[in-house]
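# Architecture at a glance
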There are 2 protein chains.
Amino acid sequence: MRIIVDGFGGDNAPKEILLGCAQAMEELGVEIALVGQKEKLEACAAENGLAGQLSKMEIIPCQDVLTMEDEPGSILKEKSESSMAVGLRALAQGQGDAFASAGNSGALTVGATMIVKRMKGVRRVAFAPVLPHVKGFFMISDAGASVECRPEMLVQFGLMGSVYMEKVMGVKSPRVGLVNVGTEAHKGDELRQKTYQLLSGCGEINFVGNVEPRDIPYGGCDVAVADGFAGNIVLKLYEGTALAIMGMVKDVFQKSLKNKLAAAMIYSDLQGLKKTMDYNTYGGAPIIGAAKPVFKMHGNAKAPAVKNALGLVRGCTESGYIDQIARALAGMAGERGARE
Amino acid sequence: MRIIVDGFGGDNAPKEILLGCAQAMEELGVEIALVGQKEKLEACAAENGLAGQLSKMEIIPCQDVLTMEDEPGSILKEKSESSMAVGLRALAQGQGDAFASAGNSGALTVGATMIVKRMKGVRRVAFAPVLPHVKGFFMISDAGASVECRPEMLVQFGLMGSVYMEKVMGVKSPRVGLVNVGTEAHKGDELRQKTYQLLSGCGEINFVGNVEPRDIPYGGCDVAVADGFAGNIVLKLYEGTALAIMGMVKDVFQKSLKNKLAAAMIYSDLQGLKKTMDYNTYGGAPIIGAAKPVFKMHGNAKAPAVKNALGLVRGCTESGYIDQIARALAGMAGERGARE
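The paragraphs below set out a description of the structure included in this document. (Residues numbered from 1 in each chain as written. Chains lettered and ligands numbered in written order. Predicted model: local features only at pLDDT ≥ 70, side-chain atom pairs only at ≥ 80, totals over all residues. Heavy atoms only, no water.)

### Quick look at the overall build of chain A
In terms of helices and strands, chain A carries 13 helices and 12 strands. Taking 340 residues into account, the globule formula puts the C-alpha radius of gyration at 20 Å, and chain A, at 21 Å, falls close to it. Considering only C-alpha atoms, chain A reaches an extent of 60 × 60 × 35 Å along its principal axes. Taken across its 340 residues, chain A has 59% of its residues classed as buried. Within chain A, contacts between residues separated by at least 24 positions form 74% of all contacts whose residues are at least 6 apart in sequence. Between the mean site of the 37 positive side-chain charges and the mean site of the 37 negative ones, chain A shows a separation of 3 Å. (Helix = DSSP H or I, 4+ residues; strand = E, 2+ residues; numbered from the N terminus. Rg over C-alpha atoms; globule rule 2.2 N^0.38 Å. Buried < 20%, exposed > 50% of the residue type's maximum accessible area, 1.4 Å probe, protein only. Contact = heavy atoms within 4.5 Å. Lys, Arg positive; Asp, Glu negative; His and termini not counted. Charge placed at Lys NZ, Arg CZ, Asp CG, Glu CD.)

Structure representation (structure tokens):
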């Protein structure tokens, strides 16, 4: 298993990426092909005592970096020699089994679609992060790849997400819910009403109907189906609200000596709570629907989160989820009978 | 000031509504006209020692109740004799200065539009709750009245929300933000792109550009402009996530005797935190754009929240915000010069 990693994606590149890759190589037994400016990677490795580890990695050289400020489409034009673009081309050409980047999600989505290409029959790829809720975890599909969608696309997001949650995350018969403003079938706009009908008739998945956003934090579904606009709102508001409230709790605990003492008394439980709601726990987001495994690591991931993400990438890739999605799509298209 | 109150709206009607009205009458000096089944209201008052208070209220009699399960449109048809419908007709006919209900928001929005009618020039009313954030409060406009919108409607939601926040809530030059998936002008779908352009050219408001959902809990704007679909997602996910995390914190504190002791040490600060994030603090949501003041109280409001809401209704109605909105709309339509 060889994972191609964008050495210059994310807030903490290249140091934390390099560190995380070194740990993944040692602890998870994966091979790493690191994409980036060779001199900078070598200098960073030397500074951090990782020269030995770096020497065991392949370096796929490139000269440019795609930043968070770059337009998604730039990956095909002025940033076509960036570490992200070069890494995706390496994946497409078979120089590795999967690609992971902590860089610009929009560009990664465009690159997955245009460089790695979509699987046969997939209308749009989905950016599909797995996030914690109070009792476990769930996926948003799509959380931002396509802001304007048709009902057929949302149905595919649900199907692809369901396969991923079952085959990779081990959720049995994942509950697929449509993010909507009410539970009844007629709720929401035309997109939601049509999608509800299509999902209801889709025998390939366990559709549990509309899910109201207030039920999402309590585990209202395993796969939250949304167009990329609504899904991105859910992703960002969920993260923002969780962080804001945890921050307020932290402020209470730091307010006085007495409060600090109280915090010390329940330290381990508070750490447990923090860990439950840490979006790094589940390591990353697949770009589902791409013809080969492409993963987004969290933009502020540090070495342990990078290592966790690469562990997930390995698990995913070994699970063969892409073939499973292909089979499910074929089944939905009514081709199953002819194939079997 | 006479406020017409739906005696049978919400989870805790009629008891908590009656109690809250009695308190509002005594403490806020408002007159109350309570809409509902006379016998039930009298029986409830007798049971709770409020017969004296009820005798000081006008009772607007009706026979039916509109529930949370009823379709919004039912207020004009099979539920046209419900307490909500009868109360809105009483407002339209001038039997009071404002109407408040803790009942079905969808039906209240339809009733405000079709019974009370919209202000001249208003394309759609907005359901516009005021909610807490870590440093203060903000409004979502629209949070669910219209799930399908055109850009011109969103601009009006921003303008009406801005006037309300300034005149009623005392926010100077409210920062109006468009809920979107990124801060740049070109982000989002076609609706967002066009709305951004229109808002940018609207001299009547302090448009601060797109607001990303992750900044909303930190006070990223004073008025969060959204179509009713996106706004409803923000409202419900925000409430749900806050409740879920506060619930997890509470669970930590009840886990053991030691943890309970720690909780006791910081009890008052925790109560302060809880109060900061309590959506009942700001009492209710106006249906802005209606020709007369119509308010939604929180569905699970108890007597103190009902009293607070009625205090807000009084303040709003006295502020003359509807005339202010009319002036702002006229100004936006370029009529200001002709009028002044």
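### Some points on the pairing of strand E2 (residues 31-36) of chain A
Residues and elements named next belong to chain A. Of all six residues that make up E2, five are buried, and the element is covered over most of its length. Relative to E2, strand E1 (residues 2-6) runs parallel, the two sharing five bridges. From the neighbouring strand, Ile 4 faces E2, where its bridge partner is Ala 33. At this point the chain moves from E1, through helix H1 (residues 15-28), to the parallel E2, and the crossover so formed is right-handed. As paired strands, E2 and strand E3 (residues 58-61) are joined by four bridges and run parallel to one another. Note that in E3 the partner of Ala 33 across the bridge is Glu 58. (Pairing = 2+ DSSP bridges. Right-handed = clockwise from strand over helix to strand, strands pointing away.)

### Focus: the environment of Gln 63 of chain A
Residue and element names in this part refer to chain A. Note on placement: Gln 63 falls in the loop between E3 and helix H4 (83-92). Exposure remark for Gln 63: the relative accessible area of 56% places this residue in the exposed category. Taking the C-alpha atoms as reference, Gln 63 lies 5.4 Å from Gln 37; in sequence the two are 26 residues apart. Gln 63 has contacts with Gln 37 and Glu 81, leaving out every residue within four places of it along the chain.

### Description of the relation of the copies chain A and chain B
For the match of chain A to chain B, the screw axis carries a shift of 0.0 Å, the RMSD comes to 0.0 Å, and the turn is 180 degrees. What we have between these two chains is a two-fold relation. Among all residues of chain A, the one whose C-alpha sits closest to the rotation axis is Ala 262 of chain A, at a distance of 2.3 Å. Looking at chain A, 100% of its interface residues are interface residues in chain B too, so the copies touch through the same face. (Least-squares fit on C-alpha atoms with pLDDT ≥ 70 in both.)

### Quick look at unusual backbone geometry
Residues and elements named next belong to chain A. Put simply, Ala 13 and Pro 14 share a cis peptide bond, and its omega is 0 degrees. Structurally, Pro 14 is set in the loop between E1 and H1. Here the amide bond leading from Ser 141 into Asp 142 is cis, since omega sits at 15 degrees, within 30 degrees of zero. Within the secondary structure, Asp 142 is located in the loop between strand E7 (136-141) and helix H6 (151-167). For Lys 117, which is not glycine, the phi dihedral falls at a positive 75 degrees. Using a relative accessible area of 48% as the deciding quantity, one classes Lys 117 as partly exposed.

### Some words on the interface of chain A and chain B
Of the residues lining the interface, 51 residues belong to chain A; the matching set on chain B comes to 51 residues. Where chain A abuts chain B, roughly 4700 Å² becomes buried across the two surfaces, and 75% of that area is made up of carbon and sulfur atoms. Across the chain A-chain B interface, the total number found is five salt bridges. Its salt-bridge partner being Arg 214 of chain B, residue Glu 239 of chain A comes within 4.0 Å of it at the nearest N-O pair. (Buried area = accessible area lost by both parts, 1.4 Å probe. Salt bridge = Lys/Arg side-chain N within 4 Å of Asp/Glu carboxyl O.)

### Remarks on the side chain of Asp 6 of chain A
Residue and element names in this part refer to chain A. Inspection of the secondary structure puts Asp 6 in strand E1. Nearest to the buried, unbridged Asp 6 among oppositely charged side chains is Lys 296, at 9.3 Å. For Asp 6, the side chain forms a polar contact with the main-chain nitrogen of Gly 9, separated by 3.3 Å. In terms of polar contacts, Asp 6 uses its side chain to reach the side chain of Ser 101, at 2.8 Å. Among residues more than four places away in sequence, those in contact with Asp 6 are Ile 17, Val 35, Ser 83, Met 84, Phe 99, Ala 100 and Ser 101. (Polar contact = N/O pair within 3.5 Å; in protein donor to acceptor, adjacent residues only side chain to side chain.)

### Side note on the packing of aromatic side chains
All names here are of chain A. Enumeration according to the criterion identifies seven aromatic pairs over all chains in this entry. Where Phe 138 meets Tyr 238, the ring centres are 5.8 Å apart and the plane angle is 75 degrees; that geometry is what we call edge-to-face. Separated by 100 residues along the polypeptide, Phe 138 in strand E7 and Tyr 238 in helix H8 (residues 228-253) bring together distant segments of the chain. A single burial state applies to Phe 138 and to Tyr 238, both of which are buried. (Phe/Tyr/Trp six-rings, centres within 6.5 Å; stacked < 30°, edge-to-face > 60°.)

### A closer look at a negative patch on the surface
Taken together, the side chains of Glu 69, Glu 71 and Glu 78 of chain A together with Glu 184 of chain B define an acidic patch exposed on the protein surface. Within the secondary structure layout, Glu 184 of chain B lies in the loop between strand E8 (175-179) and helix H7 (190-200). Exposure remark for Glu 184 of chain B: the relative accessible area of 32% places this residue in the partly exposed category. (Patch = residues over 30% accessible without salt bridge, like charges linked within 9 Å, V, L, I, M, F, W, Y side chains within 5 Å. Areas by Shrake-Rupley, 256 points an atom, 1.4 Å probe, with all protein chains shown as cover.)

### What about the state of the cysteines?
Put plainly, a disulfide is one covalent bond tying together the sulfur atoms of two cysteines. All names here are of chain B. On inspection of all chains with the given rule, the structure shows zero disulfides over all chains. Take Cys 149: it sits in no disulfide, and the sulfur closest to it among the cysteines is that of Cys 202, at 16 Å. Just so you know, Cys 202 is unpaired, no disulfide at all, and the nearest cysteine sulfur is the one on Cys 221, 16 Å from it. A residue is classified by how much of its surface remains accessible, and Cys 202, at 7% relative accessible area, is buried. (Disulfide = S-S within 2.5 Å.)

### Considering the sheet that holds E2 of chain A
All names here are of chain A. In space, the seven strands of this open sheet follow the order E3-E2-E1-E4-E12-E11-E5, with mixed pairing throughout. Edge strands, defined here as strands with exactly one partner in the open sheet, are E3 and strand E5 (126-127). With three bridges connecting them, E1 and strand E4 (residues 98-101) associate as parallel partners. For Ile 4, the partnering residue across the bridge sits in E4 and is Phe 99.

### Focus: the pairing of strand E9 (residues 206-211) of chain B
Regular strands place their side chains on alternate faces of the sheet. All names here are of chain B. Sheet topology places E8 next to E9; four bridges connect them, and they run parallel. Residue Leu 178 lies in a different strand from E9, and its bridge partner there is Asn 210. Traced from E8 through H7 to E9, the parallel crossover comes out right-handed.

### A look at the packing of H6 of chain A against helix H12 (residues 321-332) of chain A
Residue and element names in this part refer to chain A. As a packed pair, H6 and H12 sit with axes 9 Å apart at the nearest point and diverge in direction by 140 degrees. Relative to H12, the element H6 lies oblique. You can see that H6 and H12 cross each other, and the crossing is right-handed. Taking contact as the criterion, the partners of Val 155, Gln 156, Leu 159, Met 160, Val 163, Tyr 164 and Lys 167 in H6 are, on H12, Tyr 321, Gln 324, Ile 325, Ala 328, Leu 329 and Met 332. Residues of the contact of H6 with H12, tallied by class, amount to 10 nonpolar, two polar and one charged. (Axes fitted to C-alpha atoms, helices over the stretch in contact; angles between N-to-C directions. Parallel < 35°, antiparallel > 145°, perpendicular 65-115°, else oblique. Left-handed = near helix turned anticlockwise from the far one by under 90°. Nonpolar A, V, L, I, M, F, W, Y, C, P; charged D, E, K, R; others polar.)

### Overview of the pattern of salt bridges
For the structure shown, the criterion picks out 27 salt bridges over all chains. Here Asp 222 of chain B and Arg 175 of chain B are joined by a salt bridge, their closest N and O atoms 3.1 Å apart. Taken as a pair, Asp 222 of chain B in the loop between E9 and strand E10 (223-225) and Arg 175 of chain B in strand E8 lie far apart in primary sequence, 47 residues in all. For Asp 222 of chain B, a relative accessible area of 9% corresponds to the buried category. If you follow the salt bridges from partner to partner, you end up with Arg 2, Glu 31 and Glu 58 of chain A in one network.

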